[in-house]
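Results of the structural survey
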Amino acid sequence: MSIYENLNPPQKEAVLYTEGPLLILAGAGSGKTRVLTHRIAYLIEEKGVNPWNILAITFTNKAAQEMRERVDNLVGMGAESIWVSTFHSACVRILRRHIDLLGYDNHFVIYDTDDQKSLMKEVISLLRLDPKEYRERGLMAYVSHAKDSLKTPDDCAKEAGRDENEQKYASAYREYQRLLVKNNALDFDDLLVKTVDLFQKHPEVLEYYQERFRYILVDEYQDTNTAQFEMLSLLAERYRNICVVGDDDQSIYKFRGANIHNILGFEDNYPEAKVVRLEQNYRSTKNILAAANSVIANNTMRKDKTLWTDNPEGKLVAFRQFHNGYEEAEYIAGEISQAVAKGEASCRDFAILYRTNAQSRLFEEKLLTANIPYKLVGGLNFYARKEIKDLLCYLKTVDNARDDLAVRRILNVPRRGIGNTTQERVLAYAAEMNISFYEALRVSEEIPYLGRSQPKIDDFVTFIQSLKTKAESYTVRELLEDIIELTGYRDELIKEGTEEAKSRIENIDELISKAQSYQDAMEEENRPATLSGFLAEVALVADIDSVDDSQDYVLLMTIHSAKGLEFPRVFMAGMEEGLFPGFLGFGKEEDENLAEERRLCYVGITRAMQELTLTCARERMMRGETKFHRISRFVEEIPRELVDMGQKTVEKKPKFDEKYNARTAYAEMKKAFQAKPYEKSEPKKASVKAPCGYDVGDTVRHAKFGVGIVLEIKDGGRDYEVTVDFETAGRRKMFAGFAALQKV
DNA sequence: TTAACAGGCCTTTTT
DNA sequence: GGCCTGTTAA
């Protein structure tokens with residue numbers, strides 16, 4: 001019997017349909033990875049396609065790795081010459097070869113979010129923008145969105161018209177881009193933009209890759225943005241063998257520019273496309289799937305499909321409400337430790353999912369005290385740690401001295417007595433002479449007023465030059481070890497002797513072993529191990545990539561990070577209005593944002609195989625203040641017969657017990673959902689809306705500030721704290737009692 | 001030039 | 001509550 005006999009009919013259809021565009025609408029847990037890998041195997045073994053002609057694109061390295069392994073298992077020979085890669089690393093590989101055609105040096109560096117931020121800060125100061133009004137964050141988001149949709153600074157300027165504010169944004173984008181080019185650096189978005197650029201401006205290059213990638217497969221297609229779409233379109237133009245797999249219900253990256261139209265309109269772009277629906281779920285119990293289906297059914301504008309399963313009914317979906325986040329975390333830690341102690345499950349069976357990274361701390365605390373091994377995914381990326389960035393900046397400097405950011409970062413790390421004033425002077429000189437920062441350092445004797453700092457700069461330059469020479473013969477690992485030794489980086493940390501310093505040393509050792517494993521991996525794939533290559537790989541890892549399925553630990557992560565994974569037992573924490581769904585905005589946006597939050601919830605629920613527990617807290621510390629929350633509407637959207645409300649023992653505080661005892665479990669949930677935010681003492685106000693005479697979104701008048709729009713009304717205990725965006729006076733926070741705002 | 005301190009600001013979500 | 005920034009003192 002062939003391996004293809006194990007597929008269900010639609011799966012088989014998707015595997016066997018090899019020529020021409022194919023859209024696979026794959027519901028959660030419907031075996032899409034299986035289809036993709038079997039399809040690759042089928043192409044090679046049955047259709048005689050050269051593995052060399054296949055490109056498989058995923059979003060994370062982890063997914064790519066998994067796919068590679070599974071393909072390796074199905075296909076004997078030649079699997080290693082298939083390109084299985086993320087969008088970003090595929091782009092790096094292509095650009096490394098050809099980017100000189102666009103005027104860059106092929107040793108370009110990749111800027112991560114931190115680098116982008118520093119660069120943007122520089123833009124703000126260069127353009128003399130008011131840093132209060134123009135924040136890096138906002139500017140970065142603007143630039144990123146422009147790039148996602150393939151808009152150049154010129155396009156943006158044109159679009160901005162006479163709007164002064166818009167013009168400022170466009171010019172910031174222009175300046176930011178100028179600096180990137182000057183530093184011979186590309187940010188994440190550039191990798192895609194420049195690849196598209198390359199294909200469009202150099203047909204001979206495009207043609208080469210079109211010939212090479214005759215069969216293209218794309219995973220998680222619902223999360224592609226316009227730039228990615230364009231790149232795929234260009235590549236697939238010639239042979240039109242493009243197979244995309246996705247689920248519009250799992251589109252959760254709109255904020256990052258994902259264009260849901262790419263999947264919804266696939267048949268418009270490829271009229272001859274075949275569509276296959278995978279609707280049988282192999283992952284979850286009937287109850288979990290029913291819960292997921294009923295939540296997502298509240299979204300309109302989706303491709304019609306209904307997931308079903310042959311799996312057993314399973315347990316009800318559990319719902320527990322707690323007084324605060326501590327009790328919530330304690331409960332979850334307790335449940336896990338009980339199940340593990342009883343031998344019902346191991347740690348690796350569990351995942352705790354939440355909406356925001358900020359929620360992770362409580363779980364960490366409680367798991368730590370309960371002595372449960374866990375792994376936190378997300379938050380601070382390993383490569384974003386100070387000590388790691390410092391060392392990487394040395395490597396970057398050696399690799400590409402045009403990267404001013406890197407050079408400036410390490411100039412005084414470890415301390416060489418070269419301070420800010422000196423750096424400013426060098427910077428001014430470099431700008432004046434139109435040379436890079438490092439070039440300026442090399443000719444420091446020509447820079448006026450450096451005084452006692454000048455010899456120190458010389459020492460630094462000599463040191464870097466010697467590293468550059470070594471880099472020609474050393475491996476990445478050797479070079480790195482040399483840097484650590486010669487800068488005294490490790491010695492300094494040893495001297496410090498604190499717990500923190502110890503963990504930094506561990507991280508440094510970890511970095512060394514990563515350099516080694518890069519070396520090994522490249523050797524295995526028969527590709528040269530280069531410094532640029534290592535730096536690129538390091539820049540493109542996501543935290544999720546480090547998850548090791550064979551290790552026995554509980555996973556803690558955001559729902560976003562959990563996409564594509566599955567766990568026997570899942571906790572979804574913080575199911576509260578205001579947190580999940582979080583801030584929704586107004587008007588048309590509000591509906592769209594809510595829909596996306598709901599899809600996120602759907603993704604979360606469908607991660608669970610056997611057991612799903614939803615939890616929430618009545619009050620929660622957010623940004624340093626206690627907030628009161630109702631139960632998330634998503635919980636309400638699950639039919640009551642699927643939900644187990646649990647025992648009353650969940651309540652620890654007796655005063656709440658009294659209040660809630662009388663009611664049935666579901667009425668309690670209902671009540672809590674409809675009730676106003678819980679108030680501590682003598683509830684005097686009936687609802688959030690009534691007391692002010694105006695609501696969020698209303699236009700109001702203030703005696704001094706004039707007319708404005710209400711952005712937020714927050715229960716501040718004694719009074720309501722109102723945030724208003726005034727036409728003339730800008731954004732203000734005030735207490736409703738004092739402000740005496742009038743609805744207009 | 002560096003370290004220590006006060007105040008503002010923040011929060012989605014990530015390759 | 002904690003991070004980042006800018007200011008100030010040694």
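As a reminder, the structure under discussion sits directly above these lines.
All residue numbers refer to position in the chain's written sequence, counted from 1. Key to labels: chains lettered from A, ligands numbered from 1, both in the order written. In view of the model being predicted, local features appear only for residues whose pLDDT reaches at least 70, and side-chain atom pairs are presented and counted only at 80 or more, with totals across whole chains, interfaces and linings using the full set of residues. Here the side-chain values reflect all heavy atoms present in the structure, with hydrogen atoms and water set aside.

Here we take up the pattern of salt bridges. Pairs can form between side chains of opposite charge whenever their charged atoms are close. For this analysis, a salt bridge means a side-chain nitrogen from Lys or Arg found within 4 Å of a carboxyl oxygen belonging to Asp or Glu. For the coordinates displayed, the defined rule picks out 50 salt bridges. Taking the shortest distance from any N to any O, the salt bridge between D248 and K305 comes out at 3.1 Å. Of the two residues, D248 sits in the loop between strand 7 (242-246) and helix 12 (261-264) while K305 sits in the loop between helix 14 (286-296) and strand 10 (308-309), which places them 57 residues apart along the sequence. Pair check on accessibility: D248 and K305 agree, each one buried. Where E592 meets K254, a salt bridge forms, and the shortest distance between an N and an O atom there is 3.2 Å. Taken together, the positions of E592 in helix 27 (residues 587-605) and K254 in the loop between strand 7 and helix 12 put the pair 338 residues apart, joining distant regions of the chain. For E592, a relative accessible area of 39% translates into the label partly exposed. Linked through salt bridges whose partners overlap, the residues forming this network are K32, D219, E220, D223 and K563. Numbering of helices and strands starts at the N terminus; helices are DSSP runs of H or I of at least 4 residues and strands are runs of E of at least 2. Here the term buried applies to any residue with accessible area under 20% of the maximum for its type, exposed to any over 50%, and partly exposed to those in between, with areas from a 1.4 Å probe on protein chains only.

Turning next to the protein's contact with DNA strand C. Around DNA strand C sit K121, R623 and G624, and those are all the residues in its vicinity. Here a residue is near a molecule or strand as soon as one of its heavy atoms is found within 4 Å of it. Among the atoms of DNA strand C close to the protein, meaning within 4 Å, 20% are from sugar or phosphate groups. The term polar contact refers here to a pair of N or O atoms within 3.5 Å; inside protein, the definition further demands a hydrogen-donor-capable atom paired with an acceptor-capable atom, and it admits residues adjacent in sequence only when both atoms are side-chain atoms. Measuring from a phosphate oxygen of DNA strand C, one finds a side-chain N or O atom of K121 at 2.5 Å.

A few words now on the nonpolar core. L392, L395, L441, L511 and F534 are the most contacted members of the largest nonpolar core, which totals 50 residues. No other element matches helix 24 (residues 499-525), which puts eight residues into this core. Beyond its immediate stretch of four places on either side in the chain, L392 contacts Y383, L511, F534, L535 and V538. We call a set of buried Ala, Val, Leu, Ile, Met, Phe, Trp, Tyr and Cys residues a nonpolar core when their side-chain atoms join them within 4.5 Å. Judged by nonpolar contacts, the second largest core, of 47 residues, contains A562, M575, L594 and V635. In this analysis, two residues are considered to be in contact whenever any of their non-hydrogen atoms come within 4.5 Å of each other.

Pairing between the strands of a sheet is mediated by backbone hydrogen bonds and can be parallel or antiparallel. Here a strand pair is declared whenever DSSP counts at least two bridges between the two strands. One open sheet holds the six strands; their spatial order is 3-2-6-7-1-8, and the pairing between them is parallel. Each edge of the open sheet is held by one strand with a lone partner, namely strand 3 (83-86) and strand 8 (274-278). Within this sheet the neighbouring strands show an average axis-to-axis angle of 15 degrees, counted without direction. As defined by bridge partners, strand 1 (residues 22-26) adjoins strand 7 across four bridges and the pair is classed as parallel. Residue L22 lies in a different strand from strand 7, and its bridge partner there is C243. Geometry is summarised by axes, namely lines fitted to C-alpha atoms with helices restricted to the contacting stretch, and by angles between N-to-C directions that run from 0 to 180 degrees. Where helix 3 (residues 61-74) meets the sheet, its contacts fall on strand 2 (54-58) and strand 3, and the angle it forms with strand 3 comes to roughly 160 degrees. Sitting on the sheet, helix 11 (residues 226-236) is in contact with strand 2, strand 6 (215-218) and strand 7, with an inclination near 160 degrees to strand 6.

Geometry of a packed helix pair, given as the angle between the helix axes and the separation of the axes. For the pair helix 14 and helix 27, interaxial distance at closest approach is 9 Å and the crossing angle is 175 degrees. Looking at the two axes, helix 14 sits roughly antiparallel to helix 27. The segment helix 14 lies against helix 27, with I288, A291, A292, N293, V295 and I296 engaging R598, R599, C601, Y602 and I605. Put simply, Ala, Val, Leu, Ile, Met, Phe, Trp, Tyr, Cys and Pro go in the nonpolar bin, Asp, Glu, Lys and Arg in the charged bin, and everything else, Gly too, in the polar bin. Along the lines of polarity and charge, the residues of the contact of helix 14 with helix 27 split into eight nonpolar, one polar and two charged. Roughly parallel refers to an angle under 35 degrees, roughly antiparallel to one over 145, roughly perpendicular to one between 65 and 115, and oblique to any angle outside these ranges.

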